[in-house]
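Residues per chain are reported as follows:
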Amino acid sequence: MAARTAHSVPHRAADPLSALYPAIEPYHLGRLAVDAQHDLYFEQSGNPAGKPVVFLHGGPGGGTDPKHRRFFDPNHYRIILFDQRGCGQSEPFASLEDNTTWHLVDDIEILREHLGIDRWQVFGGSWGSTLAVAYAEAYPDRVTELVLRGIFMFTQREAQWFYGRGTRMLFPDAWEAFISVIPEAERGDLIPAYYARLTSDNPRVRAEAARAWSMWETRVAALVADEASLAHCDDLDFTLAFARIECHYFVNNGFLAHEQQLLEDTVKIQHIPTTIVHGRYDVICPLENAWDLHQRLPRSELVIVADSGHSAFEPGLAAALREATDRYR
């Protein structure tokens, strides 16, 4: 891509998974100790001799899912998935200790070296897009391309939109459920109020807060809420890690030196071909976020999916993401 472009894509098939590659199993499962306490789960699937791509999941704390392998042509890609610190199959479970953006950036590089990969494509959505940009800015010569979805750069404007000033206007019913676990006197600043409960010594308090935090995000992630995803919020093995770790990052402002750090440092990744895929009706990470990043990256392409919200498994987003990886294979 020689110049920055932006375009919209039309409605897609009703079944999102039909837009992706068939389900596959990994050919290699592994664990990697990245420091004295954190042990990461990783896996490889697809073609062992293919083009390497690393998938960065959302959250923080969301973990990987077998469906994530399906964004990539298994005949052409060596597909690497891993669970970030404290979530999925990585250990210790739901740990907040030494769990920062820059620890995760270093973990990605440790994994690349461990696998003997010189350069790889980096694919990330939502928080995964944040982490992908942070990693690329730290190690620009190790990235062949960036495929990004649901852009979030950890500015205060973005956090305020999702946790108080924007999304709730479109989903007042989901918002009411979200704030219901917090006493009215503490609702002026919900993130520290939730953090106090998610780090409570009382397991019942932690579980209630984790479910409410996760349910809020899940209810607004797609144009039509997915029942299976909503049911997943009843699984404490998912919600506790997801909610604790995500809230931990918000309390600490993404562990950035200042809120414009990632956007200002895009000068380091101007040379990297980048495709940004974003749903026009994403109410978690508004399209303006993607537009701002696109303007700073002269080799980027912005694909606006006309009938999608935030979830990568909405039909239009799934198809556009597969098309992006197909072009780079």
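Structural data are supplied above this passage.
A short tour of the structure in this document, coming up. (Residues numbered from 1 in each chain as written. Predicted model: local features only at pLDDT ≥ 70, side-chain atom pairs only at ≥ 80, totals over all residues. Heavy atoms only, no water.)

## Section: the nonpolar core
Reasoning step 1: Counting residues in hydrophobic clusters, the biggest one holds 79 residues, and the most contacted among them are Trp120, Val122, Leu146, Phe178, Tyr194 and Trp213.
Reasoning step 2: In terms of residue count, helix H9 (residues 236-251) provides more of this core than any other element does, nine residues in total.
Reasoning step 3: Setting aside anything within four residues of it in sequence, one finds Tyr194 in contact with Phe178, Val181, Ile182, Ala209, Ala212, Trp213 and Cys247.
Reasoning step 4: Among the nonpolar cores identified, the runner-up in size contains 22 residues, and Phe71, Tyr77, Val277 and Val305 belong to it. (Core = buried A, V, L, I, M, F, W, Y, C linked by side-chain atoms within 4.5 Å. Buried < 20%, exposed > 50% of the residue type's maximum accessible area, 1.4 Å probe, protein only. Helix = DSSP H or I, 4+ residues; strand = E, 2+ residues; numbered from the N terminus. Contact = heavy atoms within 4.5 Å.)

## Remarks on the layout of surface pockets
Reasoning step 1: If you add up the space inside the second largest pocket, you get close to 430 Å³.
Reasoning step 2: Lining the second largest pocket are 21 residues, with Gln160, Tyr163, Asp189, Leu190 and Ile191 sitting closest to its centre.
Reasoning step 3: Counting residues per element, the ones that place at least two in the lining of the second largest pocket are helix H3 (156-165), helix H5 (172-179), helix H6 (190-198) and H9.
Reasoning step 4: Among the elements that make up the lining of the second largest pocket, the one with the highest residue count is H3 (six residues).
Reasoning step 5: Of the residues belonging to the lining of the second largest pocket, the class tally is eleven nonpolar, six polar and four charged. (1 Å grid on protein atoms, 1.4 Å probe; cavity = no way out; pocket = protein on both sides within 12 Å on 5 of 7 lines; lining within 4 Å. Points joined across faces, edges and corners; volume = space filled by probe spheres on them. Nonpolar A, V, L, I, M, F, W, Y, C, P; charged D, E, K, R; others polar.)

## Looking at the side chain of His310
Reasoning step 1: Inspection of the secondary structure assignment puts His310 in the loop between strand E9 (300-305) and helix H12 (315-328).
Reasoning step 2: Judged by its relative accessible area of 6%, His310 is buried.
Reasoning step 3: Leaving out residues up to four positions away in the same chain, His310 has contacts with Ser126, Arg149, Gly150, Ala221, Asp282, Ile284, Cys285 and Leu317.

## Describing the state of the cysteines
Reasoning step 1: Applying the stated criterion across every chain yields a total of zero disulfides.
Reasoning step 2: This cysteine, Cys87, is not joined by any disulfide, and Cys233 carries the nearest cysteine sulfur, 15 Å off.
Reasoning step 3: For Cys87, a relative accessible area of 0% gives the class buried. (Disulfide = S-S within 2.5 Å.)

## A few points about the environment of Ala207
Reasoning step 1: Among the structural elements, Ala207 can be located in helix H7 (residues 203-220).
Reasoning step 2: Placed 173 residues apart in sequence, Ala207 and Val34 show a C-alpha to C-alpha distance of 28 Å.

## Some remarks on the environment of Ile276
Reasoning step 1: Topologically, Ile276 is positioned in strand E8 (residues 274-279).
Reasoning step 2: Among the residues examined, Ile276 registers a relative accessible area of 0% and is labelled buried.
Reasoning step 3: For Ile276, the residues in contact, after removing those within four places along its chain, are Leu148, Ile151, Ala290, Leu293, His294, Ser300, Glu301, Leu302 and Val303.

## Quick notes on the pairing of strand E3 (residues 39-46)
Reasoning step 1: The buried fraction of E3 amounts to six of the eight residues, a majority that puts the element mostly inside the structure.
Reasoning step 2: Relative to E3, strand E2 (residues 28-33) runs antiparallel, the two being bridged by six bridges. By the bridge assignment for E3, Ala33 is matched with Asp39.
Reasoning step 3: The turn joining E2 and E3, which pair antiparallel and follow one another in sequence, is formed by five residues.
Reasoning step 4: Looking at chain direction, E3 and strand E5 (residues 77-82) are connected through five bridges and run antiparallel. Bridge pairing in E5 places Glu43 opposite Leu81. (Pairing = 2+ DSSP bridges.)

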